[in-house]
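Understanding the architecture of this molecule
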Amino acid sequence: MSNPSVIHSNPPPLRWQAALMSFAVPGLGQIVQGIYGKSKGRLIKGIVFLVIIWGMFGYGFAKAEFKNVYLAHAQEQFLEEDKFAGGKRNRAFGIGGMTFSPLMGDLVNRCQYPAQFWVGIPAWPALWNYFFADTPILENYYQSPGAMKKGEVKSRQTLLEEREAADNTLQLKPTMGRLWDIYWIYTVIAGVLGLLVIYDAWAGPVKMVPKPVKKGAK
Amino acid sequence: MLAVVSSWDVYIHFPILLVLVNIVYSASRYDNWGEILNHAVRGMVYIVFFLGMVFAVLFGLAWVVQKVF
């Protein structure tokens, strides 16, 4: 029996453009490739990707009352607290003697977001609101906790605590409980699947083909 | 009774996630729908078998701990 090996055969058309399209809208790249290459299978696949990935993300996001897709300014607060306590790293994120930058620390603190990001457009307002708090997009759904807007009178700590209290109240609802975690898991898995879809748009389907047998090999 | 129902309702999501994840994963490897569905079903069986084994081991351990201690 020959030993199968994985190769990419027949790279799909418009691979870079399709990957970019699937990055923004999962499956859009495959839909365009399906139309361009007259491949019904690829077209249907693109639609299935779009429905499943945005469906999963939307379900998890909506069921958590639009409170689980965000990037908080937590590391900034932790750095401030450590500085106030004498400079030694205590609360701030880091590895060994290295303390993470605010952005890196915030990504570690909210490690769901780096996965959710790959869902495409529906996850990106959270990043916008993290960087541009003064000109927020859909702030009721993607608020960045701890973001210090111009003229903000509350401290960052107060803002973060208020958000945490609101999230805790939500989790204590009889209809929520452990489902709170299930709902963010939906959004995170949707994002991870989004990565696979981008790769498929770029590389095309993987096919198993037998390795050529070398002459004289046992 | 209500408490029992609410403690189990998280598991409703397992088959949903199992099916959706396997369809997307398989579809990212093949273009032909016959192959996609075949691969997806195999993936589901592997996952259910693996989780079933983990469940059996944990269930067995819980039973032993309960009997011994």
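Rules behind the numbers
Residues numbered from 1 in each chain as written. Chains lettered and ligands numbered in written order. Predicted model: local features only at pLDDT ≥ 70, side-chain atom pairs only at ≥ 80, totals over all residues. Heavy atoms only, no water. Helix = DSSP H or I, 4+ residues; strand = E, 2+ residues; numbered from the N terminus. Buried < 20%, exposed > 50% of the residue type's maximum accessible area, 1.4 Å probe, protein only. Areas by Shrake-Rupley, 256 points an atom, 1.4 Å probe, with all protein chains shown as cover. Patch = residues over 30% accessible without salt bridge, like charges linked within 9 Å, V, L, I, M, F, W, Y side chains within 5 Å. Salt bridge = Lys/Arg side-chain N within 4 Å of Asp/Glu carboxyl O. Expected span 1.5 Å × (residues − 1). Contact = heavy atoms within 4.5 Å. pLDDT = per-residue confidence, 0-100. Buried area = accessible area lost by both parts, 1.4 Å probe.

1. Here we look at the overall build of chain B
- The number of helices and strands found in chain B is three helices and zero strands.
- Going from N to C terminus, chain B has its helices and strands arranged as α-α-α.
- Per-residue burial over chain B gives 23% buried out of 69 residues.
- Just so you have it, chain B exposes about 5000 Å², and 79% of that area is on carbon and sulfur atoms.

2. Remarks on a nonpolar patch on the surface
All names here are of chain B.
- Where nonpolar side chains cluster on the molecular surface, the patch consists of F14, Y46, I47, V48, F50, L51, V54, V57, L58 and L61 and spans about 930 Å² of accessible area.
- With nine residues, helix 3 (residues 33-68) is the largest single contributor of residues to the nonpolar patch.
- Its place among the elements puts F50 in helix 3.
- Overall, the relative accessible area of 54% leaves F50 in the exposed class.

3. Observations regarding the pattern of salt bridges
- Applying the stated criterion across every chain, the model contains nine salt bridges over all chains.
- When the shortest N-O distance is used, the salt bridge between K45 of chain A and D200 of chain A registers 3.1 Å. Of the two residues, K45 of chain A sits in helix 3 (residues 40-63) while D200 of chain A sits in helix 10 (residues 179-203), which places them 155 residues apart along the sequence. Per residue, the accessibility class of K45 of chain A equals that of D200 of chain A, and both read buried.
- The residue D167 of chain A makes a salt bridge to R163 of chain A at a minimum N-O spacing of 3.2 Å. Within this pair, D167 of chain A and its partner R163 of chain A are both found in helix 9 (residues 156-171), separated by four residues, close to a single helical turn. The same class applies to D167 of chain A as to R163 of chain A, namely buried.
- Overlapping salt bridges, with partners in common, bring together R42, K45 and D200 of chain A together with D31 of chain B in one network.

4. Topic: helix 3 of chain A
- Compared with the 34 Å implied by 1.5 Å per residue over 24 residues, the 34 Å span of helix 3 of chain A between its first and last C-alpha is a close match.
- Every buried residue belonging to helix 3 of chain A is among G41, R42, K45, G46, F49, I52, I53, M56, F57, G60 and F61 of chain A, and all of these are buried.
- Among the structural elements, helix 2 (28-36), helix 6 (113-116), helix 8 (139-142) and helix 10 of chain A together with helix 2 (13-27) and helix 3 of chain B are those in contact with the buried residues of helix 3 of chain A.
- Of the residues trailing helix 3 of chain A, E65 of chain A is marked for its positive phi of about 55°.

5. Quick look at the confidence of the model for chain B
Residue and element names in this part refer to chain B.
- For chain B, the mean per-residue pLDDT works out to 89, and 90% of the residues sit at or above 70.
- For chain B, the element scoring lowest by mean pLDDT is helix 1 (residues 2-8), at 54; helix 2 scores highest, at 96.
- A low-confidence stretch, residues 1-5 stays under pLDDT 50, and its non-local contacts, those more than four residues away or across chains, total zero contacts.
- As scored by the predictor, the complex reaches a pTM of 0.87 and an ipTM of 0.84.

6. Concerning unusual backbone geometry
Residue and element names in this part refer to chain A.
- A positive phi angle is found at L14, which is not glycine, with a value near 50°.
- Position of L14 relative to the elements: it lies in the loop between strand 1 (4-8) and helix 1 (15-24).
- The exposure class assigned to L14 is partly exposed, which follows from its relative accessible area of 28%.
- Its identity is not glycine, yet F66 carries a phi of approximately 60°, on the positive side.
- Within the fold, F66 resides in the loop between helix 3 and helix 4 (74-84).
- On the basis of relative accessibility, which here comes to 30%, the residue F66 falls in the partly exposed class.

7. Overview of the interface of chain A and chain B
- Residue-level contacts link 22 residues of chain A with 19 residues of chain B.
- When the two sides are added together, the surface that chain A and chain B hide from each other amounts to roughly 1900 Å², 71% of it contributed by carbon and sulfur.
- Joining chain A to chain B, the criterion identifies two salt bridges.
- Note that D31 of chain B is salt-bridged to K45 of chain A, the shortest N-O span being 2.7 Å.

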